[in-house]
Amino acid sequence: MNQRNLPEHPDFLWDDPEPKSSYDVVIVGAGGHGLATAYYLASMHGITNVAVLERGWLAGGNMARNTTIIRSNYLWDESAAIYEHSLKLWEGLEEELDYDIFFSQRGVLNLAHTLQDVRESVRRVEANRLNGVDAEWLDPRQVKEVCPIVNIADDIRYPVMGATYQPRAGIAKHDWVAWGYARRAAELGVDLIQNCEVTGFEISGGRVIGVRTSRGRIGAGKVALAAAGSTSVLTELAGFRVPIQSHPLQALVSELHEIIHPTVVMSNHVHVYVSQAHKGELVMGAGVDSYNGYGQRGSFHIIEQQMAAAVELFPAFSRAHLLRTWGGIVDVTLDASPVMGLTPVDQLYLDCGWGTGGFKAVPGAGWAYADTIAHDRPHDLVAPYGLDRFVTGHLIDEHGAAAVAH
Amino acid sequence: MLTIDCPHCGPRPETEFGYGGQAHVAYPEDPSALTDEEWAGYLFYRDNPRGEFAERWVHSAGCRKWFNAVRDTRTYRISATYTSAGPVPAGIVRPRTDVPHPVSKGA
Ligand SMILES: Cc1cc2nc3c(=O)[nH]c(=O)nc-3n(C[C@H](O)[C@H](O)[C@H](O)COP(=O)(O)OP(=O)(O)OC[C@H]3O[C@@H](n4cnc5c(N)ncnc54)[C@H](O)[C@@H]3O)c2cc1C
Ligand SMILES: [Zn+2]
């Protein structure tokens, strides 16, 4: 299919039901994680009496705002396990959902600009290989072969000294991913309820039995949070805390251009990442705004800095026009790894802390979270990510692999 | 970009400042007496309200002093700034110090 001409869509892919008085499982948040979790609960575990409650419109949060980079080249075993599981699910997802998601395995380059970068990158390539994740170390000439438009001259402030390369990485169309999961979940009996804000929890004897919402009380056998940047607000209502800070994270696109960028390029050091969307916009992002914020917007100097970095690495972009910028609310943890699993409240579950990088995890996290909810115990992929790691000190420090928001 | 009213220098653009997260988080009085849960609370848990937040900023490209601000995390509007040394304005919400709950079961 010509990537630049998207297929026609039916007007409605799912129903718009009234909430029932109770469900076996209530999921809070219809972003990628909530929708994937609902789908896998229904398809893998036969649990179909499920509602996904969404304060706004379906997948209008970070799911609509991310830059869609998918990869699994993280350093530690626990991370490689869940991100690689997710990447394998991505590889079969169009078929599984019977829906186009424009998953394009165009590879990702993570550039190195300092000796420290080089060492860290080579170490990560070796760690990836031991974990069965495809990874290569490329010298600057090989980087240029993969991505001819990148500047490898040595007269810039931070010349490219090489890159890690994951050929199976890529991008997908985030809104289509959400719609694909939503459509199949709805077909399997899940109620997708928009404009329904969860405002409180009913807890009896230490166990959650329902939620209060802007559309009335809804009883629940189990409640699964999938509220990304709003998780702290919800857990406060449920009477416990999470080690998360919510930050604005911004991104931008240029006007449409001929397709000139064949892959995804990320640079932790110069601090930008760039890909080209299927229609031709250059898509760029970088780090979070420094301050806590729930405003879905940030400061313009952040945008200016990432454009400056992009022009240094890609001189061809210097005349491209900025078309649009936006922001989401990302849920940041101190070790740049997610928080998943059980909580101090029985039958209430947590999936959050994906911060700047949880789009790639949508299939894998949804799959493992559904299993955790269905069996009321952390799945093996989830177990390392429990709240207890902040007490035991078993942090999963992925700042090296995750330093640019991605 | 925010305009931040440094209590020492007056209103300056955000690019001159660094962010320091939640204000008024006290170092434990007797560190060796802390349980693992209490350490987790001190090291990893900060409040994350949707609304008014007392937070620290440093005027890195100006007087280089740390100070505090009260900012609404929804609108980003700063309603007050005050020095770290001076009196704390009335109505500032202090950080929660309760320790994180243990998780009831599982690992
Ligand atoms: C600019 C930007 C770029 C990014 N780029 C990438 C990238 O390239 N690759 C990558 O892997 N990740 C990326 N991410 C991160 C990724 O988008 C998130 O980690 C992921 O989307 C979070 O999961 P989600 O889709 O379920 O979240 P969301 O889509 O935010 O879903 C949470 C939902 O919960 C709802 N909600 C909140 N509170 C309530 C309530 N009280 N009641 C009911 N509903 C509620 C919200 O309205 C929202 O729809 C990026 C994020 C941003 C903002
Ligand atoms: Zn000053």
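Computed from a prediction, not measured in an experiment: that's the story for all the values here.

### Topic: the overall build of chain A
Reasoning step 1: Within chain A, the secondary structure is distributed over 10 helices and 18 strands.
Reasoning step 2: Projecting the C-alpha coordinates of chain A onto the three principal axes gives extents of approximately 65 × 50 × 40 Å.
Reasoning step 3: Long-range pairs, those at least 24 residues apart, make up 76% of the contacts in chain A between residues at least 6 apart in sequence.
Reasoning step 4: Element-wise, carbon and sulfur atoms account for 50% of the exposed surface of chain A, whose accessible area totals about 14,900 Å².
Reasoning step 5: Looking at charge distribution, chain A has the averaged site of its 31 positive side-chain charges lying 2 Å from that of its 47 negative ones.

### Topic: the coordination of the zinc ion (ligand 2)
Residue and element names in this part refer to chain B.
Reasoning step 1: Taken together, Cys 6 (SG), Cys 9 (SG), His 59 (ND1) and Cys 63 (SG) make up the full set of protein donors to the zinc ion (ligand 2), lying 2.0 to 2.4 Å away.
Reasoning step 2: For the zinc ion (ligand 2), the 4 donor atoms are set out with angles of 106 to 119° between them, so the coordination reads as tetrahedral.
Reasoning step 3: All donors of the zinc ion (ligand 2) belong to a single chain; written as a sequence motif, their spacing is C-x2-C-x49-H-x3-C. Of this pair, Cys 6 sits in strand β1 (residues 3-6) while Cys 63 sits in the loop between β4 (52-58) and β5 (66-72); the two residues are 57 residues apart in sequence, bridging distant segments of the chain.
Reasoning step 4: Classification of Cys 6 as buried rests on a relative accessible area of 2%.

### Points about the domain arrangement of chain A
Residues and elements named next belong to chain A.
Reasoning step 1: The domain architecture assigned to chain A consists of domain 1 (18-67 + 174-242 + 335-392) and domain 2 (105-168 + 245-333).
Reasoning step 2: A straight line from the C-alpha centre of domain 1 to that of domain 2 covers 30 Å.
Reasoning step 3: With 20 residues of domain 1 in contact, the opposing surface of domain 2 contributes 17 residues.
Reasoning step 4: The largest contributions to the domain 1 side of the interface with domain 2 come from Arg 65, Thr 67 and Gly 229, which together make up 44% of the buried area.
Reasoning step 5: Summed over the shared surface of domain 1 and domain 2, the result is 0 salt bridges.

### Considering the nonpolar core
Reasoning step 1: With 59 residues, the main nonpolar core has Ile27(A), Trp90(A) and Tyr181(A) as its most contacted residues.
Reasoning step 2: If we skip the residues at most four places from it in the chain, Ile27(A) touches Gly34(A), Thr37(A), Ala38(A), Leu41(A), Val50(A), Ala51(A), Val52(A), Leu53(A), Ala224(A) and Ala226(A).
Reasoning step 3: Counting 31 residues, the second-largest nonpolar core is a separate cluster that includes Val223(A), Val339(A), Cys352(A) and Phe44(B).

### Remarks on the interface of chain A and chain B
Reasoning step 1: Counting residues at the interface gives 39 residues for chain A and 32 residues for chain B.
Reasoning step 2: Buried area between chain A and chain B, both sides added, is near 3,200 Å², and the carbon and sulfur share of it is 52%.
Reasoning step 3: Considering only the surface of chain A that becomes buried against chain B, Arg241(A), Tyr291(A) and Tyr294(A) emerge as the three largest contributors, covering 24% of it.
Reasoning step 4: Between Glu236(A) and Arg96(B) there is a salt bridge, with the nearest N and O atoms lying 2.3 Å from each other.
Reasoning step 5: Among the elements of the structure, α6 (231-238), β12 (245-256), α7 (300-313) and α9 (389-392) of chain A are those that each provide at least two residues to the side of chain A that touches chain B.
Reasoning step 6: Broken down by class, the residue content of the side of chain A that touches chain B amounts to 18 nonpolar, 13 polar and 8 charged.

### Focus: the sheet that holds strand β6 (residues 78-83) of chain B
Residues and elements named next belong to chain B.
Reasoning step 1: Pairing is antiparallel across the open sheet formed by 4 strands, whose spatial order is β3-β4-β5-β6. The open sheet is flanked by β3 (18-22) and β6, the only strands paired with a single partner. Ignoring strand direction, the axes of neighbouring strands in this sheet form an average angle of 30°.
Reasoning step 2: Pairing between β4 and β5: 7 bridges, direction antiparallel.

### Brief notes about the packing of aromatic side chains
Reasoning step 1: As enumerated under the stated definition, the model contains 18 aromatic pairs over all chains in all.
Reasoning step 2: Note on Tyr39(A) and Tyr40(A): the rings are 5.0 Å apart at their centroids and 65° apart in plane angle, and the pair reads as edge-to-face. One exposure class covers both Tyr39(A) and Tyr40(A), and it is buried.
Reasoning step 3: Grouped by ring-pair contacts, the aromatic residues Tyr99(A), Phe102(A), Trp176(A) and Trp179(A) constitute a single cluster.
Reasoning step 4: In this arrangement the basic side chain of Arg297(A) is found over the ring face of Tyr76(B), its NZ or CZ atom lying 4.6 Å from the centre.
Reasoning step 5: Note that Arg56(B) overlies the ring of Trp66(B), its terminal NZ or CZ placed 4.3 Å from the centroid.

### Side note on the packing of helix α1 (residues 32-45) of chain A against helix α5 (residues 174-187) of chain A
Residues and elements named next belong to chain A.
Reasoning step 1: The contact between α1 and α5 brings their axes to 9 Å, and the two run at 35°. Seen from above, α1 lies across α5 with left-handed handedness. Counting all contacts with α1, which are made through Leu 35, Ala 36, Ala 38, Tyr 39 and Tyr 40, the residues of α5 involved are Ala 178, Tyr 181, Ala 182, Arg 184 and Ala 185.

### Re α7(A)
All names here are of chain A.
Reasoning step 1: With 14 residues, α7 extends 20 Å between its outermost C-alpha atoms, agreeing within 8% with the 20 Å of an ideal straight helix rising 1.5 Å per residue.
Reasoning step 2: For α7, the complete set of buried residues consists of His 301, Ile 302, Ile 303, Gln 306, Ala 309, Ala 310 and Leu 313.
Reasoning step 3: Close packing links the buried residues of α7 with β4 (108-112), β12, β13 (264-267), β14 (272-276), β15 (281-288) and β16 (322-332).

### A word on the sheet that holds β14(A)
Strands pair in a sheet through their backbones, by hydrogen bonds, and they do so in one of two ways: parallel or antiparallel.
Residue and element names in this part refer to chain A.
Reasoning step 1: Strand order in the open sheet formed by 8 strands is β5-β6-β4-β13-β14-β15-β12-β16, with mixed pairing between adjacent strands. Of all strands in the sheet, those with a lone pairing partner are β5 (136-138) and β16, marking the two edges. Averaged over neighbouring strand pairs, the angle between their axes works out to 20° when direction is ignored.
Reasoning step 2: As paired elements, β12 and β16 share 10 bridges and run antiparallel to each other. Counted as the bridge partner of Ala 251 is Trp 326 from β16.
Reasoning step 3: Against the sheet, helix α3 (residues 115-130) touches β4, β5 and β6 (162-166), its axis set at about 150° to β5.
Reasoning step 4: With respect to the sheet, α7 is in contact with β4, β12, β13, β14, β15 and β16, its orientation differing from that of β12 by roughly 50°.

Reading the values: the criteria
Residues numbered from 1 in each chain as written. Chains lettered and ligands numbered in written order. Predicted model: local features only at pLDDT ≥ 70, side-chain atom pairs only at ≥ 80, totals over all residues. Heavy atoms only, no water. Helix = DSSP H or I, 4+ residues; strand = E, 2+ residues; numbered from the N terminus. Contact = heavy atoms within 4.5 Å. Areas by Shrake-Rupley, 256 points an atom, 1.4 Å probe, with all protein chains shown as cover. Lys, Arg positive; Asp, Glu negative; His and termini not counted. Charge placed at Lys NZ, Arg CZ, Asp CG, Glu CD. Donors = N, O, S within 2.8 Å, 3.2 Å for Na, K, Ca; no water. Tetrahedral: all angles 85-135°; square planar, octahedral: opposite > 155°, others 65-115°. Buried < 20%, exposed > 50% of the residue type's maximum accessible area, 1.4 Å probe, protein only. Domains from an automatic or database assignment. Buried area = accessible area lost by both parts, 1.4 Å probe. Salt bridge = Lys/Arg side-chain N within 4 Å of Asp/Glu carboxyl O. Core = buried A, V, L, I, M, F, W, Y, C linked by side-chain atoms within 4.5 Å. Nonpolar A, V, L, I, M, F, W, Y, C, P; charged D, E, K, R; others polar. Pairing = 2+ DSSP bridges. Axes fitted to C-alpha atoms, helices over the stretch in contact; angles between N-to-C directions. Phe/Tyr/Trp six-rings, centres within 6.5 Å; stacked < 30°, edge-to-face > 60°. Lys NZ or Arg CZ within 6 Å of the ring centre and 35° of its normal. Left-handed = near helix turned anticlockwise from the far one by under 90°. Expected span 1.5 Å × (residues − 1).

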